[in-house]
Amino acid sequence: MRYLLFTMALLLLLCRVSRAQIGLRVFNYRPTGELGFVMKPLFSAELSCIAPFEDGRWRTQFSLTYLRLKPRMDTFPVYGVVSSGSTGTTVYPGTQSFQKYSIVQLSGGGDFAFIDKDPFYVFAGADIVVGGASVEYTSQVQTIKDESYSGGGILAGFRFRLGAEYDVNDQVGIIASANRNYLFISEPAGLYGANDYGIGLRYSFH
Amino acid sequence: MLSVMKKPIAFFVLFAICLVSASCRKALKDVNDYFPKVKTVSATVQANGSVMISGEIESDGADPIQYLGFCCGTHPDPRITDNQVIVQRDGNSFSAVLSGFSADSVYYFRSWAANSYGYAYGNVISLDSIAAVPVTPPCSLTMNTVDIGGSTGTHTYSSVSTPTSYMGIWQFTGNTATGPTVDFSFGSAIATGIYTTTLNTSPAAGQVYVDFTDGFIGGALNSGSSVYVNTVSPGVYDITICSAPWQYNSSTFYFKTHLTAPH
């Protein structure tokens, strides 16, 4: 909750800096690699401050995203290995289960319209991502470990984007985009990846 | 129509396209495809009462298999740690020989494999009445007697020790009150079967070194004679040697014994 309030306040501040432009995007988030093994794809939404391209090829944007990831298995079959001179190698079975894995992330960066045919734009962009993860999991391997974790973890990374925008009028634009996310999450510590594909609306108050 | 793309812009676009499209490994549709898939193919009782179990690797999963093996037990759902045997793969096949079964129990055998994502089991095969095929010696001798040949006569064992393993050699001793003391050294765990005598004091698997002392006389059985072993119950063996030659000075004598070890 603290993460959410902090990031929303930061987002509103950034919106004031970048004038009153808001966007809402719904997307399909698809974890890849190790995260894709553990977590299911999901649909979510992000709120953003996003400027139009009308002032040039460049624009800035800041986004707030909430992801409530669900594990692909109730219990993952993990194992541990013990080797000793007298008994040789023994493989011990175990389990790992995730009770909670939620992410709040704030992204800030810019887009460059490499195809600029007003009101149609095709753009590439990049963001810096910071945030937090709320994690609960248990991990147990017979005779080796029996641990549980409940708490927060920090998150940092980058995301890169390709998209297209069609401006319906001076105030409304329709955006379709695909992001590639590279994230470091501190608990369980690791470098994770995900793709997301979504569509959204941009609205200018002026 | 389209804006002119200058070289730095083209580079930027290419960079962005590569990053977006060249994702990390895409998640597999079925989470079970990350884990190995193995099958328990057969479990066959051998003549000596051991069980040859074989398995097949259907898939390594999303990463190469790191550990592979079998487990077995007397409950229908054996787990990895139940009498675990770790084996090496031979292509997509793997096998092991397990022993130490009791004929009056049902045993359940199961293959398993583990890669970096986790582990998975194969199917379960059950066997009951696991017992060795008895061997029949070509002679009938009185139980718990020994005759080392010559004119020394037949003597009765007063005790036979429990076979114990030392450095891979299974040894026990038969004592008589009136005659010889006989030492047996098997080159492998004792099981039902026909073993061959050797003069090597460190016998190989399938061989047995038999020596004895009787007062001032002592000797060891020549190489090449048969020793018939039947497992009476786990850890108890019926052993027969019909007529095994041994040398004393320039003479040849014939050794006979029939005993239960231990008793």
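What you see is a predicted model, and the numbers here were worked out from it, not measured in a lab. (Residues numbered from 1 in each chain as written. Chains lettered and ligands numbered in written order. Predicted model: local features only at pLDDT ≥ 70, side-chain atom pairs only at ≥ 80, totals over all residues.)

Colleague: Can you walk me through the overall build of chain B in this structure?
Modeller: Each helix and strand counted, chain B has one helix and 18 strands in total. At 30 Å, chain B has a C-alpha radius of gyration far larger than the 18 Å of a compact globule built from 263 residues. By principal-axis analysis of the C-alpha atoms, chain B measures approximately 120 × 40 × 25 Å. Within the span of chain B, comprising 263 residues, buried residues form 33% of the whole. A separation of at least 24 residues holds for 57% of the contacts in chain B among residues at least 6 apart in sequence. (Helix = DSSP H or I, 4+ residues; strand = E, 2+ residues; numbered from the N terminus. Rg over C-alpha atoms; globule rule 2.2 N^0.38 Å. Buried ≥ 20, exposed ≤ 12 C-beta atoms within 10 Å, placed from the backbone. Contact = placed C-beta atoms within 7 Å.)

Colleague: It is not clear to me how the environment of B:I57 should be interpreted in this structure. Could you clarify?
Modeller: Inspection of the secondary structure assignment puts B:I57 in strand β2 (residues 51-59). A C-alpha to C-alpha distance of 52 Å links B:I57 and B:T145, two positions 88 residues apart in sequence.

Colleague: Got a minute to help me understand the sheet that holds strand β1 (residues 37-45) of chain B in this structure?
Modeller: What links the strands of a sheet is backbone hydrogen bonding, and the strands pair in either a parallel or an antiparallel sense. Residue and element names in this part refer to chain B. One open sheet accounts for three strands, arranged β1-β2-β5; its pairing is antiparallel. Strands with a single pairing partner mark the edges of an open sheet, and in this sheet they are β1 and β5 (93-98). Shown here is a sheet whose adjacent strand axes are inclined to one another by a mean of 20°, direction ignored. By the bridge criterion, six bridges tie β2 to β5 in an arrangement that is antiparallel. Bridge pairing links S54 to S95 in β5. (Pairing = 2+ DSSP bridges. Axes fitted to C-alpha atoms, helices over the stretch in contact; angles between N-to-C directions.)

Colleague: I keep staring at unusual backbone geometry and nothing clicks. Help me out?
Modeller: Most peptide bonds are trans, and most residues other than glycine sit at a negative phi. Note the cis peptide between A:D118 and A:P119, where omega equals 15°. Positive phi, normally seen in glycine, also occurs at A:T143, with a value near 65°. Note on A:T143: 11 C-beta atoms within 10 Å, which makes it exposed. Although it is not a glycine, B:S129 sits at a positive phi angle of roughly 50°.

Colleague: Looking at this model, I keep getting lost on the pairing of strand β15 (residues 217-220) of chain B. Mind explaining?
Modeller: Regular strands place side chains that alternate from one sheet face to the opposite one. All names here are of chain B. In terms of strand pairing, strand β14 (residues 207-214) meets β15 through four bridges, oriented antiparallel. Looking at the pairing, D211 lines up with A220 of β15. Hairpin connection, β14 to β15: the antiparallel pair is bridged by two residues, and G215 has positive phi, about 65°.

Colleague: So what exactly am I meant to see when it comes to the confidence of the model for chain B here?
Modeller: Reading fine detail from the predicted coordinates is not recommended where pLDDT is low. Residues and elements named next belong to chain B. Chain-level pLDDT for chain B is 89 on average; 91% of the residues reach the 70-or-more range. At the low end of the mean pLDDT range in chain B sits helix α1 (residues 7-21), at 56; at the high end sits strand β6 (residues 106-115), at 97. Scored below 50 in pLDDT, residues 1-5 makes six contacts in the model with residues more than four places away or belonging to other chains. This prediction of the complex comes with two scores: 0.73 for pTM and 0.82 for ipTM. (pLDDT = per-residue confidence, 0-100.)

Colleague: Looking at this structure, I do not really get the pairing of β6(B). What am I missing?
Modeller: Residue and element names in this part refer to chain B. Of all the 10 residues making up β6, eight are buried; the element is thus mostly covered by neighbouring parts of the structure. Here seven bridges tie strand β3 (residues 67-73) to β6, and the two strands are oriented antiparallel to one another. Of the residues in β6, the one forming a bridge with Y67 is A114. Taken together, the nine bridges between β6 and strand β7 (residues 118-128) define a ladder with antiparallel strand orientation. Residue A113 lies in a different strand from β7, and its bridge partner there is A120. Once β6 ends, the chain turns through two residues before running back antiparallel as β7.

Colleague: Teacher, can you tell me more about the nonpolar core here?
Modeller: Generally speaking, a soluble globular protein has its nonpolar side chains buried in company with each other. Residue and element names in this part refer to chain B. In this structure, F109, W112, A113, Y119 and A120 are the most contacted members of the largest nonpolar core, which totals 50 residues. Those residues in contact with W112 that lie beyond four places of it in its chain are V38, G69, C71, I80, Y119, A120, Y121 and G122. Counting residues in hydrophobic clusters, the runner-up holds 28 residues, among them I148, V160, V208 and W246. (Core = buried A, V, L, I, M, F, W, Y, C linked by C-beta atoms within 7 Å.)

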